[in-house]
Amino acid sequence: MTDRALVGPVQPPELHVMSFNIRRRLPSLGPAIGPRSADRWGVRVPALTTILATERPTVLGTQEVLPGQDRALSAALGPDYLRIGHGRDADGQGEGCPLYYDGTRLELRRWSQEALSDTPDVPGSRSWGNHTPRTLVRAEFTDRATGIRFVAINTHLDHISRRSRVRAAEVIRESVASSGLPTVVTGDLNSGEGTAPLTALFANGVLQDAWRAAGRRLTADWGTFPNYRERRRGRKRIDWIAVSAGVEVDRVGIGTRRPGGAWASDHLPVHAVVRLADPA
């Protein structure tokens, strides 16, 4: 198993987009779990640091990030990277889906975080059957190298309620359709290919699966939730990158690196290298 970057830094006009559920840090795993358990944050953070420091994506959509973990991600990426997004709770704390981006390459024009609910402007609000709040982070950027504006959306859909996942997918699709800008969507969608939430997301051709659209695939189609077990083909891709019109996908891959023999997360990161068309 190589420790080399799967994609690594890219040069304009390419953009390296990455989605990664980093697995929230648990306060206690109980006495039955040893100090070197694969799930312990202290075991995982060196591997996560190595992956981010060598991949250096232009845009990184993360999920399950708790306060404290966000500082580790920022340190791994370095001072050129900026973060937007906060926790999903009503007070802005708790688990979040922050977006990280290379500030030397991208200029942030505006951003927002909204609840995936019937009251999106109410932090911590819930609807559609999900017991925990779910959010999306939306950002509009200008690529300093090309001058092209585009949108990035990052999210984490509910793991229990299919109705919630379908409604959230519809909200994302409608947001993309209304923007008129090239858009990339990253997220742990907790749904595999061909399911109702993905059918809703890809309805009307507003978005397409970057994996299917890519000119090249750098890896096999690994399931993205190995849960600290060996990678396997034919399992669900529940972590996704989707793209709108105006986004050409050159290559994609699913990372399986284990720096130092440790898993960085129970999920695998998903990568896409894209080029943007100027809507003008």
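Look up: the structure comes first, before these words.
Computed from a prediction, not measured in an experiment: that's the story for all the values here.

Once that is clear, we can look at the side chain of Asp250. Along the chain, Asp250 turns up in strand E12 (residues 247-254). In this structure, Asp250 is in contact with Glu14, Ala214, Gly215, Arg216, Val273, Val274 and Arg275, ignoring residues within four places of it in sequence.

Further remarks concern the side chain of Arg237. Relative to the helices and strands, Arg237 resides in the loop between strand E10 (216-217) and strand E11 (239-244). Beyond its immediate chain neighbours, meaning those up to four positions away, Arg237 contacts Ser191, Gly192, Glu193, Asp209, Trp211, Arg212, Trp222, Thr224 and Ile254.

We now examine unusual backbone geometry. Working note: non-glycine residues mostly have negative phi, and peptide bonds are mostly trans. Across the junction of Pro12 and Pro13, the peptide omega takes the value 10°, indicating a cis bond. Structurally, the position occupied by Pro13 is in the segment before strand E1 (15-21). A positive phi angle, near 70°, is found at Arg23, a position not held by glycine. The class of Arg23 is buried, set by a relative accessible area of 14%.

Turning next to the pattern of salt bridges. Counting across every chain of the model gives 22 salt bridges. Between Arg149 and Glu140 there is a salt bridge, and its shortest N-O distance comes to 2.8 Å. Given the relative accessible area of 5%, Glu140 is considered buried. In this structure, Asp221 and Arg233 form a salt bridge, with 3.1 Å as the shortest nitrogen-oxygen distance.

In space, the seven strands of this open sheet follow the order E3-E4-E2-E1-E13-E12-E10, with mixed pairing throughout. A strand with exactly one partner marks an edge of an open sheet, and here the two such strands are strand E3 (81-84) and E10. Both E3 and strand E4 (residues 99-102) contribute to a ladder of four bridges, which runs antiparallel. Bridging across to E4, Ile84 finds its partner in Leu99. Across the sheet, helix H1 (residues 41-55) is in contact with E1, strand E2 (59-63) and strand E13 (270-276); its angle to E1 comes to roughly 165°.

Scanning the entire structure with this criterion turns up three aromatic pairs. With a centroid separation of 4.8 Å and 55° between ring planes, the pair formed by Tyr101 and Phe141 is classed as tilted. Of the two residues, Tyr101 is situated in strand E4 and Phe141 in strand E6 (residues 135-143); the sequence distance between them amounts to 40 residues. Exposure class is identical for Tyr101 and Phe141. Each is buried. In textbook terms, an aromatic cluster arises when at least three aromatic residues are bridged by ring pairs, as seen for Tyr101, Phe141 and Phe150. Taking the ring centre of Trp128 as reference, the NZ or CZ of Arg167 above it sits at 4.7 Å.

Packing of H1 against helix H2 (residues 69-77) leaves a shortest axis separation of 8 Å and a crossing angle of 35°. Remark: the crossing between H1 and H2 carries right-handed chirality. Contacts between H1 and H2 pair Trp41, Arg44, Val45, Leu48, Thr49, Leu52 and Ala53 from the former with Gln69, Ala72, Leu73, Ala76 and Leu77 from the latter. Residues belonging to the contact of H1 with H2 are distributed by class as follows: nine nonpolar, two polar and one charged.

Moving on to helix H3 (residues 162-179). The end-to-end C-alpha separation of H3 is 26 Å, in line with the 26 Å expected for 18 residues at 1.5 Å each. Following H3 by one or two positions, Gly180 has its phi on the positive side, about 75°.

Attention shifts here to the environment of Pro182. Within the fold, Pro182 resides in the loop between H3 and strand E8 (183-188). As a C-alpha pair, Pro182 and Val122 span 60 residues in sequence and 27 Å in three-dimensional space. Each residue touching Pro182, except ones within four places of it in the same chain, is listed here: Arg149, Phe150, Val151, Ser244, Ala245, Gly246, Val247, Leu276, Ala277 and Pro279.

What counts, and where the lines are drawn
- Residues numbered from 1 in each chain as written.
- Predicted model: local features only at pLDDT ≥ 70, side-chain atom pairs only at ≥ 80, totals over all residues.
- Heavy atoms only, no water.
- Helix = DSSP H or I, 4+ residues; strand = E, 2+ residues; numbered from the N terminus.
- Contact = heavy atoms within 4.5 Å.
- Buried < 20%, exposed > 50% of the residue type's maximum accessible area, 1.4 Å probe, protein only.
- Salt bridge = Lys/Arg side-chain N within 4 Å of Asp/Glu carboxyl O.
- Pairing = 2+ DSSP bridges.
- Axes fitted to C-alpha atoms, helices over the stretch in contact; angles between N-to-C directions.
- Phe/Tyr/Trp six-rings, centres within 6.5 Å; stacked < 30°, edge-to-face > 60°.
- Lys NZ or Arg CZ within 6 Å of the ring centre and 35° of its normal.
- Left-handed = near helix turned anticlockwise from the far one by under 90°.
- Nonpolar A, V, L, I, M, F, W, Y, C, P; charged D, E, K, R; others polar.
- Expected span 1.5 Å × (residues − 1).

Honestly, that's just the spatial picture; any functional story needs more than this.
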